[in-house]
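Fold and contact review
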Amino acid sequence: VSAHHFRCCVLQSGVLAAAGLEALERYPAQLAADHHKANLLRTGLGNIEGVTLHTPPRPTNMVVFTVQAMAAEAFCAAMHGKGVLIAPYGGGRKEIRAVLHCDVSPEDVAMAVECAAAVLKERGSQ
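Quick caveat, the model's predicted, so the values are computed rather than measured.

1. Points about the overall build of the protein
Along the backbone of the protein there are three helices and four strands. Helices (α) and strands (β) of the protein occur, in sequence order from the N terminus, as α-β-β-α-β-β-α. In the protein, buried positions account for 29% of the 126 residues. Residue pairs in contact within the protein that sit at least 24 positions apart in sequence constitute 57% of those at least 6 positions apart. Element-wise, carbon and sulfur atoms account for 60% of the exposed surface of the protein, whose accessible area totals about 8200 Å².

In structure tokens, the structure reads:
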């Protein structure tokens, strides 16, 4: 192993260590906030008729659900048209996944719930 190769490996290790330290210092508090926003979304979606939530085995920042009134891809496309980015999920792509993160506010969550209700209401009136 050359000295140049060794120095590159050490430099890369330092960069990874710095990222790990940043994550350990900052992320636990952010993760708790993301879990709270996911719970807000679960609660809101749970109040919409035709939405079935998939309860996670442990706290997570993801919400997985299905809608009975339309295909997952059609629902996601309609939500995208309203500014909400969610995606079909799972092997059969019948489930829908929403991921909450630091760029999503509680107000964004409330807006997403309103959009989901509107999409399903529009679908029901067609």
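2. Here we look at the layout of surface pockets
Approximately 290 Å³ is the volume found for the largest pocket. Along the walls of the largest pocket sit 18 residues, with V84, L85, V104, D108 and A112 positioned nearest its centre. Listing elements by their share of the lining of the largest pocket, those giving two or more residues are α1 (3–46), β4 (95–99) and α3 (106–124). At five residues, the largest contribution of residues to the lining of the largest pocket is made by α3. Tallied by class, the residues present in the lining of the largest pocket amount to 15 nonpolar, two polar and one charged.

So, how was this worked out
- Residues numbered from 1 in each chain as written.
- Predicted model: local features only at pLDDT ≥ 70, side-chain atom pairs only at ≥ 80, totals over all residues.
- Heavy atoms only, no water.
- Helix = DSSP H or I, 4+ residues; strand = E, 2+ residues; numbered from the N terminus.
- Buried < 20%, exposed > 50% of the residue type's maximum accessible area, 1.4 Å probe, protein only.
- Contact = heavy atoms within 4.5 Å.
- Areas by Shrake-Rupley, 256 points an atom, 1.4 Å probe, with all protein chains shown as cover.
- 1 Å grid on protein atoms, 1.4 Å probe; cavity = no way out; pocket = protein on both sides within 12 Å on 5 of 7 lines; lining within 4 Å.
- Points joined across faces, edges and corners; volume = space filled by probe spheres on them.
- Nonpolar A, V, L, I, M, F, W, Y, C, P; charged D, E, K, R; others polar.

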